[in-house]
Amino acid sequence: MSLLKKSLLALSAVAMMSGAAFADFPDRKFQVVYPWAAGTPTYGVSQLIAEAMSKELGEAMPVVAKPGAGGVLAMKSFLSEPADGYTIMDGYVAPLVISPIFGKADWSCADFTPLYAATANGFAIAMRPDETRWSDFPSFIEYLKANPAKTAYNGSGTSLPHLIAASVMQKMDTVSRAVPYDDLALGVKDLRNGILDWIIINPGVYEANKDQLKVLMTLSDTEDASETYGGAPRPSDFGLDIGVSGLAPAGWDWWLVRSDTPADRVEVLRNAMKAAMTNPDVLKSIKAVGF
C-alpha cells in the first residue's frame, strides 16, 4: 500500500472516530463553576437550573462553588479547563464585566460563548426590624451624614452591589464602610449581631430572611422591584434621584462556555438550557425565591 493511501486511510479513521465521539456528546458528567459561596439562595437557583439541564442532557451536572476575589478565582479556574463543553461557567456580571473594567482580570466577553440568560435580580437596602437610629430611607441618610464612616455594610470589592451602594452614598453625599463578603447572604448574620448596620440584599436574600430584615428602599423604580420586596418604597416614592441611572441596580448572569468550544456542543448545551429556562416548574421555583 502506498504512503498516500495509508495517509488517506488514517485521516478517514480519525474523522470517523471524531464524528463518533462528537455524536456521543455528552457521555460523562458536567460541572457548573459557581463564583460565590455555596449554601445561599443564589447557589440554590443555580442548582435548580443545573438539575433541569441534567435531565435534558442525561448526565449529572453538579454546581461547584469556588468563591473568592469577587468571582475572579472561579473564572480563572473555569478558563483553565478544556474547551470541551463539560465545564460551564455561571457567569455573573461582577467577574465577567466589572472585574476587567477595574483591571482585576484580563479577559473580555469575546473569550466566552453564552448559552442562555439565567437570572436577574434587583437590589435593595435593608436594616434590622428593631432598628431605632432611623425609620426610613431619608432618616437613614440623615444619620449617615451625621455619622460619616461610622456605619458598615456588606460590600465586596468591585462587585455590582458594592458599586451601586457606593454610588448611592456618593450621590447622597455621605460615607459608610464596606465590609467584604463573598456573597450578600453572608451579611445577614452580621447585621443581626450588630457588626453591620445595614446591608444590600437581592431577592433571594430577602425571601430567605424576611423575618430578620426590613427593607428601607428598593434600588430600582420598577413596580416589580417593589412587589418583590413586599411593597417596599422605591426611590421615586421619596422624590429621590439615587444616582444609579446608567448603572443597572440589578445583578444578572449568563451561563457560558469558552469561546473555542465546538459549535455543535454549544448548540446541544444551549438547547438544553433553553428547555430548562422555559420549563414552567423551573420558572416557578426560581421566582419563588425572588429571582
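Above this text you will find the structure in question.
Residues numbered from 1 in each chain as written. Predicted model: local features only at pLDDT ≥ 70, side-chain atom pairs only at ≥ 80, totals over all residues. Heavy atoms only, no water.

Novice: I'd like to hear about the overall build of the protein chain, residue by residue, with values.
Specialist: Counting its secondary structure elements, the protein chain contains eleven helices and ten strands. Across the protein chain, every contact between residues at least 6 apart in sequence was considered, and the portion connecting residues at least 24 apart equals 77%. Carbon together with sulfur atoms contributes 55% to the accessible area of the protein chain, which is approximately 13,600 Å² in total. (Helix = DSSP H or I, 4+ residues; strand = E, 2+ residues; numbered from the N terminus. Contact = heavy atoms within 4.5 Å. Areas by Shrake-Rupley, 256 points an atom, 1.4 Å probe, with all protein chains shown as cover.)

Novice: Got a sec to walk through the packing of helix α2 (residues 41-57) against helix α10 (residues 263-277)? Specific residues and values, please.
Specialist: One can describe the packing of α2 onto α10 by two numbers: an axis separation of 8 Å at closest approach and a directional angle of 120°. When the axes of α2 and α10 are compared, the pair comes out oblique. Note that α2 runs across α10; the crossing there is right-handed. Contacts between α2 and α10 pair Ile49, Ala52, Met53, Glu56 and Leu57 from the former with Val268, Leu269, Ala272, Met273, Ala275, Ala276 and Met277 from the latter. (Axes fitted to C-alpha atoms, helices over the stretch in contact; angles between N-to-C directions. Parallel < 35°, antiparallel > 145°, perpendicular 65-115°, else oblique. Left-handed = near helix turned anticlockwise from the far one by under 90°.)

Novice: Can you break down the nonpolar core residue by residue, with the values?
Specialist: Counting residues in hydrophobic clusters, the biggest one holds 42 residues, and the most contacted among them are Phe140, Trp198, Ile201 and Leu219. Broken down by element, this core gets its largest block of residues, six residues, from helix α6 (residues 160-171). When near neighbours in sequence (up to four residues on either side) are disregarded, Leu219 contacts Phe123, Ala124, Ile125, Ile164, Val168, Ile200, Ile242, Val244 and Pro249. Within the second largest apolar cluster, 31 residues are counted, among which are Ile88, Trp255, Val257 and Leu269. (Core = buried A, V, L, I, M, F, W, Y, C linked by side-chain atoms within 4.5 Å. Buried < 20%, exposed > 50% of the residue type's maximum accessible area, 1.4 Å probe, protein only.)

Novice: Lay out the pattern of salt bridges with the relevant residues and their values.
Specialist: As enumerated under the stated definition, the model contains eight salt bridges in all. Among the salt bridges present, the one from Lys171 reaches Asp241, with a minimum N-O distance of 3.7 Å. Separated by 70 residues along the polypeptide, Lys171 in helix α6 and Asp241 in the loop between α9 (223-228) and β10 (250-258) bring together distant segments of the chain. Exposure remark for Lys171: the relative accessible area of 44% places this residue in the partly exposed category. Connected through shared salt-bridge partners, Arg128, Glu131, Arg133 and Asp197 make up one network. (Salt bridge = Lys/Arg side-chain N within 4 Å of Asp/Glu carboxyl O.)

Novice: I'd love a proper account of the side chain of Ser220, names of residues and values included.
Specialist: Its location among the elements puts Ser220 in the loop between β9 (214-218) and α9. Here Ser220 falls in the buried class, since its relative accessible area comes to 14%. When residues no more than four places from it in sequence are discounted, the contact partners of Ser220 are Phe123, Ala225, Arg234, Pro235 and Pro249.

Novice: Tell me about the packing of aromatic side chains, residues and numbers included.
Specialist: Within this structure, the stated rule accounts for 14 aromatic pairs. Where Tyr34 meets Tyr43, the ring centres are 5.2 Å apart and the plane angle is 70°; that geometry is what we call edge-to-face. A single burial state applies to Tyr34 and to Tyr43, both of which are buried. When the ring of Tyr153 is compared with that of Trp198, the centres are 4.4 Å apart and the planes differ by 20°; the resulting orientation is stacked. Residue Tyr153 is found in strand β6 (residues 152-153), and its partner Trp198 is found in the loop between α7 (187-192) and β8 (199-201); the two are separated by 45 residues along the sequence. The same class applies to Tyr153 and to Trp198, which are both buried. An aromatic cluster is defined as three or more aromatic residues linked by ring pairs; in this entry it consists of Trp134, Phe137, Phe140, Tyr143, Tyr153, Trp198 and Phe238. (Phe/Tyr/Trp six-rings, centres within 6.5 Å; stacked < 30°, edge-to-face > 60°.)

Novice: Give a detailed account of the sheet that holds strand β5 (residues 124-127), specifying residues and quantitative values.
Specialist: Taking strand neighbours across the sheet as the criterion, the three strands line up as β8-β5-β9 in an open arrangement whose pairing is antiparallel. Looking at strand neighbours, the two that pair on one side only are β8 and β9, the edges of this open sheet. The mean angle between the axes of side-by-side strands here comes to 35°, regardless of whether they run parallel or antiparallel. In the sheet, β5 pairs with β9 via four bridges, with the strands oriented antiparallel. (Pairing = 2+ DSSP bridges.)

Novice: Report on α10, specifying residues and quantitative values.
Specialist: Here α10 contains 15 residues, and its C-alpha end-to-end distance of 21 Å stays within 8% of the 21 Å for a straight helix at 1.5 Å per residue. Along α10, the positions that sit buried rather than exposed are Arg265, Val266, Leu269, Ala272, Met273, Ala276 and Met277. Each buried residue of α10 lies within a common arc of 135° when the element is viewed along its axis, so the set occupies one face. (Expected span 1.5 Å × (residues − 1). Arc of directions from axis to C-beta.)

Novice: Give a detailed account of the packing of α2 against helix α11 (residues 280-288), specifying residues and quantitative values.
Specialist: In a pair of packed helices, the angle between the axes and the distance between the axes together describe the arrangement. Their axes nearest at 10 Å, the elements α2 and α11 cross at an angle of 175°. Taken as axis vectors, α2 and α11 run roughly antiparallel relative to one another. In contact with Val45, Leu48, Ile49 and Ala52 of α2, α11 contributes Val282, Ser285 and Ile286. Residues that form the contact of α2 with α11 fall into these classes: six nonpolar, one polar and no charged. (Nonpolar A, V, L, I, M, F, W, Y, C, P; charged D, E, K, R; others polar.)

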